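# Residue-level structure breakdown
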2 protein chains.
Amino acid sequence: MKKKTSIVLILLMLSYYVCAKQIDINRFPSPQTVSLTLQPLVSAVPMTYWNDHPKTPKQWHDWVNTIAQFSLARLPELKQKFQVNSQPITLGGVSAFMISPKSITPENKNRILLHFHGGGYVLNPGEAGIDEAIMMAGYGNINVISIDYRMPPNAPFPAAIEDALSAYAALLEQYPASHIGVFGTSTGGGITLALMLKAKTLNLALPAAIVVGTPWTDLTNAGDTYVTNEGIDNVLVSYDGWLGDAAQLYAGKYDLKHPLISPLYGDVRNLPPTLLFTGTRDLFLSNTIRMHLKLKDVGVKADLIVFEGLSHAQYLMTVDAPETQRYFYES
Amino acid sequence: MKKKTSIVLILLMLSYYVCAKQIDINRFPSPQTVSLTLQPLVSAVPMTYWNDHPKTPKQWHDWVNTIAQFSLARLPELKQKFQVNSQPITLGGVSAFMISPKSITPENKNRILLHFHGGGYVLNPGEAGIDEAIMMAGYGNINVISIDYRMPPNAPFPAAIEDALSAYAALLEQYPASHIGVFGTSTGGGITLALMLKAKTLNLALPAAIVVGTPWTDLTNAGDTYVTNEGIDNVLVSYDGWLGDAAQLYAGKYDLKHPLISPLYGDVRNLPPTLLFTGTRDLFLSNTIRMHLKLKDVGVKADLIVFEGLSHAQYLMTVDAPETQRYFYES
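Residues numbered from 1 in each chain as written. Chains lettered and ligands numbered in written order. Predicted model: local features only at pLDDT ≥ 70, side-chain atom pairs only at ≥ 80, totals over all residues. Heavy atoms only, no water.

Where an unreviewed UniProt entry is consulted, chain A appears under the name Alpha/beta hydrolase fold-3 domain-containing protein, with the organism given as Orbus sasakiae. In its Sequence similarities (unreviewed entry) section, the UniProt entry covering chain A states "Belongs to the 'GDXG' lipolytic enzyme family." (UniProt positions renumbered as here; feature names shortened; annotations may be inferred.)

Our next topic: the confidence of the model for chain A. Mean pLDDT over chain A stands at 93; residues scoring 70 or higher make up 93%. Every residue in residues 15–21 of chain A scores below 50 in pLDDT, and together they form 5 contacts with partners more than four places removed in sequence or on other chains. (pLDDT = per-residue confidence, 0-100. Contact = heavy atoms within 4.5 Å.)

Residue-level contacts link 37 residues of chain A with 37 residues of chain B. Counting across the chain A and chain B interface gives 4 salt bridges. Notably, a salt bridge pairs A:Arg326 with B:Asp297, separated by 2.2 Å at the nearest N-O pair. Remark: the boundary between chain A and chain B carries 12 residue pairs in polar contact (both at pLDDT 80 or more). Secondary-structure elements contributing two or more residues to the side of chain A that touches chain B are α1 (2–21), α7 (224–228), α9 (285–297), β8 (302–307) and α10 (322–330) of chain A. In terms of residue count, α9(A) provides more of the side of chain A that touches chain B than any other element does, 8 residues in total. A breakdown of the residues in the side of chain A that touches chain B according to their chemical character gives 17 nonpolar, 9 polar and 11 charged. (Salt bridge = Lys/Arg side-chain N within 4 Å of Asp/Glu carboxyl O. Polar contact = N/O pair within 3.5 Å; in protein donor to acceptor, adjacent residues only side chain to side chain. Helix = DSSP H or I, 4+ residues; strand = E, 2+ residues; numbered from the N terminus. Nonpolar A, V, L, I, M, F, W, Y, C, P; charged D, E, K, R; others polar.)

UniProt records the feature "domain: Alpha/beta hydrolase fold-3" (unreviewed entry) for residues 113–314 of chain A in the present numbering. For the annotated span residues 113–314 of chain A, helix accounts for 33% and strand for 15% of the residues, and the straight-line distance between the end C-alpha atoms is 22 Å.

This part is about the pattern of salt bridges. Residues and elements named next belong to chain B. In total, this model carries 22 salt bridges over all chains according to the counting rule given. We note a salt bridge from Arg290 to Asp218, for which the minimum N-O separation is 2.9 Å. Placement of the pair is Arg290 in helix α9 (residues 285–297) and Asp218 in the loop between β6 (209–213) and α7 (224–228), with a sequence separation of 72 residues. Note on Arg290: relative accessible area 13%, which makes it buried. (Buried < 20%, exposed > 50% of the residue type's maximum accessible area, 1.4 Å probe, protein only.)

Before going further, it helps to spend a moment on the sheet that holds strand β3 (residues 112–116) of chain B. All names here are of chain B. What the 8 strands build is an open sheet, ordered β1-β2-β4-β3-β5-β6-β7-β8; its pairing is mixed. Edge positions in the sheet fall to β1 (84–91) and β8 (302–307), since each of these pairs with one other strand and no more. Mean inter-strand twist for the sheet, computed between neighbouring axes without regard to direction, equals 20°. The strands touched by helix α6 (residues 187–201) are β3, β5 (180–185) and β6; relative to β5, the strand with the most contacts, the crossing angle is about 140°. (Pairing = 2+ DSSP bridges. Axes fitted to C-alpha atoms, helices over the stretch in contact; angles between N-to-C directions.)

Shown next, in the form of structure tokens:
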């Protein structure tokens, strides 16, 4: 009897431990308050690779290349739908893609948008990073240059920011700053903000405006929704997946709080007007709203949009959901 | 042996059921990214009364009066700190309080703010509802009139909106609409929005601007964060506490989706410029951002601020946290 009781108690404790400790993933269905188009994505199983942990440079490369196939597979349809061309170019010595729509509105003829793709500083090399740029060119009827910045494991920080700066400086020789806009989602938003900080210290003219979709502003795990939206966000799921590893890999020997790595720790005074997007389930909700508050604290014109029910960057994952269209039209 | 296995299995299933079903309340500590002043509130145990369910009118009255004692106890210190007077008045036949600061800035001499208190349409009768108005008068150096609208169980919908309208119409006889602002938190934000919808249908001039802090825009349980922030918000905790009961009590025989009950279902075109506040842990995060998106959809100037780490209306619960000051200064 005593032995039986012990077994039961141990099993109960084990069971409690298991259910108290595990990340309970995507336990909520999609609310009806999300657009019909995006509801299946909101209620989808988490990204299969969220908890992968590549170790060696070769493992990182293989992993990145596998995931890139999914992004690349989407391109023909995107280019067709938005009637845009993608051309490899070099800008300031940096690899990039010129994304040109079939028709450009007259007021956009002398304007250019500079794009930085997302992917935790490791994903989406080459053309795998241009989906957002294609949609922006198509929705906005404007030319977009998407920068194929260098990434770890080969090229950790500050390579990406050096590339961003070289490209931006070269663009400034072709266009007045007031005719340039810079944008990106996730890591692309982080790079956009870091580029502003860097350009400011060099007294370069800043662009007319920037748009940062759910920007990775804090590469440490500080911020409320790294905790409260863990397991609720079905795209990133948790800082403790590949994401945290990528932060370390990118920062290398530098402090994660270096302002060009985590722009939330930078001096954001005099940044250009900034539009920020995020979603209620976004692991980066805090990354976004903390930057929004910080910008407003120092008098920068900053506008925030929070999408109902969306996890990280989900507005990029369809071509014509209302949320997707809003992202591009408001930008 | 077979019997022992069955017992163990049943206990395991029970244990799983218990830990899967319960609302796991306030399981996250306060992030360091919240102001020091508010961190204790963010990590506090939930409001003790969140899961109370008064049934009879007498039980509702007793419950409301008990909770009102806590609000009333805070008033002397608030009045002292902000050097304001509170005077019972009648406006358009409706009970109200005129809250006057010691000094009024010259540009505010001919301006007035109209305030509606929060409390789920049931809490904070009489002077128990004026804390927010006191702080606004003090921070803004402006006169504020706080409306003591009728509430259920005695006076369900549309009593509160009728009172709001009478008071606003009376105010329009004393001030040009461009010198009036209307604001409130939670239910007060909901009433503010409903008043705009009602005033619009009557072709009354609308005020210069409105501020709605975490407004109760949808009294049904629709909206993502009713689910995702359940048990994370330590103020409201869950729709399935007193809150859902209060929604039913207030609506009475009317549909919860009546646009003057849930303004999210109303026609919000041509509303005045609107400033909205919420927090990452707020059960009403979706109530707030859904209204923000809806206002922007129809071209209303609407600005959104999301506080890091805060549950419902927590910016009102201190007098001088940075978040509290921001709420009042930005308003």
